[in-house]
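Examining the three-dimensional arrangement
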Amino acid sequence: MNIRRCKMIVLLMALIVGGAMLLTGKISASSGNNTLDDQLSLVLRQHGFTGTIGSTLEQRLGRRVDNQLADLGRNLFHDTIVGLNNDNSCSGCHSATAGFGDTQSIAIGIENNFIVGPARTGPRNQRRTPMVANNAFFPRLMWNSRFASLSFDPFDNSLGFIFPLPEGLTLSDKAHLLIAQAFIPPTERVEAAGFVFPGDNFDIRGEVIRRINEVPEYRRLFGRIFPEVRAGGPITYDMFAQAIAEFEFTLIFADAPLDRFARGQKNALTDDQKRGALLFFGNANCVACHAVSGRSNEMFSDFREHVIGVPQIAPEVGNPAAGNVIFDGPGQNEDFGLEQVTSNPNDRYMFRTSPIRNVALQPAFFHNGAFTRLEDAIRFHLNPAGQAPTYNPTTAGVAPDLRGPTGPIAPVLARLDPLLVAPINLSNDEFRQLLDFVRDGLLDPKAKPENLRRLIPRRVPSGRPVQLFQ
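Report follows, based on the coordinates. (Residues numbered from 1 in each chain as written. Predicted model: local features only at pLDDT ≥ 70, side-chain atom pairs only at ≥ 80, totals over all residues. Heavy atoms only, no water.)

1. Some words on the overall build of the chain
A count of helices and strands for the chain gives 19 helices and seven strands. Overall, the C-alpha framework of the chain stretches about 110 × 60 × 40 Å when taken along its three principal axes. A total accessible area of about 20400 Å² is found for the chain, and carbon and sulfur atoms account for 56% of it. (Helix = DSSP H or I, 4+ residues; strand = E, 2+ residues; numbered from the N terminus. Areas by Shrake-Rupley, 256 points an atom, 1.4 Å probe, with all protein chains shown as cover.)

2. Some remarks on the sheet that holds strand β4 (residues 161-162)
If you trace the three strands from one edge of the open sheet to the other, you get β2-β3-β4, paired in antiparallel fashion. Each edge of the open sheet is held by one strand with a lone partner, namely β2 (140-141) and β4. (Pairing = 2+ DSSP bridges.)

3. Side note on helix α10 (residues 237-249)
The terminal C-alpha atoms of α10 lie 18 Å apart, and with 13 residues this matches the ideal 18 Å at 1.5 Å per residue to within 8%. Taking burial as the measure, the 13 residues of α10 include 11 buried ones, the bulk of the element. Every buried residue of α10 is listed here: Y237, M239, F240, A241, A243, I244, A245, E246, F247, E248 and F249. Elements in contact with the buried residues of α10: α2 (57-61), α3 (67-77), α5 (177-181), α7 (201-213), α8 (216-225) and α9 (227-230). (Expected span 1.5 Å × (residues − 1). Buried < 20%, exposed > 50% of the residue type's maximum accessible area, 1.4 Å probe, protein only. Contact = heavy atoms within 4.5 Å.)

4. Considerations on the environment of D417
Looking at the secondary structure, you find D417 in the loop between α17 (410-413) and α18 (428-441). On the basis of relative accessibility, which here comes to 14%, the residue D417 falls in the buried class. Linking D417 and M350, residues 67 residues apart in sequence, is a C-alpha distance of 9.2 Å. Non-local contacts of D417, meaning those with residues more than four positions away in its chain, are made with H306 and V307. Side chain to side chain, D417 and H306 meet in a polar contact 2.8 Å long. (Polar contact = N/O pair within 3.5 Å; in protein donor to acceptor, adjacent residues only side chain to side chain.)

5. Description of the environment of N283
In this fold, N283 is placed in the loop between α12 (271-281) and β5 (305-306). Since its relative accessible area comes to 64%, N283 is described here as exposed. Sequence separation between N283 and I424 is 141 residues, and the spatial gap between their C-alpha atoms is 8.0 Å. Residue contacts for N283: discarding those within four places in its chain leaves L278 and I424.

6. Focus: the layout of surface pockets
One number sums up the size of the largest pocket: a volume of about 990 Å³. In this structure, the largest pocket is lined by 46 residues; those nearest its centre are M142, R146, F147, E188 and E191. Classifying every residue of the lining of the largest pocket by side-chain character gives 28 nonpolar, 10 polar and eight charged. (1 Å grid on protein atoms, 1.4 Å probe; cavity = no way out; pocket = protein on both sides within 12 Å on 5 of 7 lines; lining within 4 Å. Points joined across faces, edges and corners; volume = space filled by probe spheres on them. Nonpolar A, V, L, I, M, F, W, Y, C, P; charged D, E, K, R; others polar.)

7. Quick notes on the packing of helix α14 (residues 374-382) against α18
Between α14 and α18, whose axes approach to 10 Å, the crossing angle comes to 120 degrees. Taken together, the axis directions place α14 and α18 in an arrangement best described as oblique. Where α14 crosses over α18, the two elements pack in a sense that is right-handed. Facing L374, E375, I378, R379 and L382 of α14, the residues of α18 in contact are F431, L434, L435, V438 and R439. (Axes fitted to C-alpha atoms, helices over the stretch in contact; angles between N-to-C directions. Parallel < 35°, antiparallel > 145°, perpendicular 65-115°, else oblique. Left-handed = near helix turned anticlockwise from the far one by under 90°.)

8. Here's the deal with a nonpolar patch on the surface
A cluster of nonpolar residues, L150, L159 and L169, forms a patch on the protein surface that exposes about 300 Å² of accessible area. Mapped onto the elements of the fold, L169 is located in the loop between β4 and α5. (Patch = residues over 30% accessible without salt bridge, like charges linked within 9 Å, V, L, I, M, F, W, Y side chains within 5 Å. Salt bridge = Lys/Arg side-chain N within 4 Å of Asp/Glu carboxyl O.)

9. A word on the packing of aromatic side chains
With the rule as written, the count across this model stands at 19 aromatic pairs. Judged by centre distance (5.5 Å) and plane angle (65 degrees), the rings of F280 and F437 are edge-to-face. Of the two residues, F280 is situated in helix α12 and F437 in helix α18; the sequence distance between them amounts to 157 residues. On the accessibility criterion, F280 (1% relative accessible area) is buried. Accessibility expressed as a relative area gives 0% for F437, which makes it buried. Ring pairs connect the aromatic residues F49, F280, F281, F300 and F437, which therefore count as one cluster. The ring of Y237 carries the charged tip of R205 above its face, separated from the ring centre by 5.9 Å. (Phe/Tyr/Trp six-rings, centres within 6.5 Å; stacked < 30°, edge-to-face > 60°. Lys NZ or Arg CZ within 6 Å of the ring centre and 35° of its normal.)

If you want it as structure tokens, here you go:
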């Protein structure tokens, strides 16, 4: 009996110890993951990242989004009636197939072949068209920040909304920066208006609205929303701008895996993506410019201007069909960036930090699309001073008409932002993890082309043909 009891005790002890070892092993295995989660959660808290920015739109607006008005804006966004050159719409450069961004390294506006996609041809403008997805949260718009809220809050017009002349501060009575911004694109000669119609910005807007008022279907649609139109009054440009902005308010795609992780879904990111995020916020120091804190609205941009050393590419000089814009510099192959707005030579080559949510949807990167692969753009960004002098546009994959002699790089690098002077060295594994995070960890699946194509109308109220989206 004592012997049996001893054996039972020994067996029970073995089971207890073995179970404890198994339990310890499990805790140890998950401890590594928990540590990774805890590290990233702490970093996100330190930066004030909540992963909830997308759900704050209506609270910031102070009202519900008007889906009927937004749908009207969607039709106008895709209708060439808003372009006096009769061959481009907002969607020609802001395509649903590219996260409502450009399909080109450098935009093609008027005189295009009516295609939106890789096969789009026509004279080039000066820069890549930025994405409009999530831009309801952007305090500054355009690569040289020439459209801006002076309060650094797009929902706040108390200090005014500033635009280049002739608009200046005259649009500051609008409720949101996007409503004010909608006054500008139809007036841009190289984007929509062309060079034939005479007059200034006010004349162009007047003609756009005259066209829209002549379309019975648009009058009916505006009349459903605006009582004054229903009573027989005219559609006004203010109404048009409100419709365009309302459509853009529906283009909020800020529910990426990182957002879900921040809200407590720890398996939303893979371990490699978590490590990439820690590099982004840590040793790689991407967050220094691609900020999320405070007025950055978790948009991964400080919305400030920097010189980041991007190689200068431009359409072939001397070929009238190559571009609609004369570039800066003696060789007409430079882009002076912010200096064009401020006339201050100290602002030369400065461009606004690109917000990089859904960046994987872009076919090209940086203000001029000098790189066409995300991994190449990130690798360049880690050491611009070392890589810019050997840049090859053919290797970088830009279109043939942009592969001519590049602009001078020495004066660009002489102004390189101090944050980028010292190269950041990552191991192959670290680079892969960082790329994985930027590519997939910041991508809202709802923004993928297969989901956004449904927003392209089959027909528009004017009856004009809709551009061909590849």
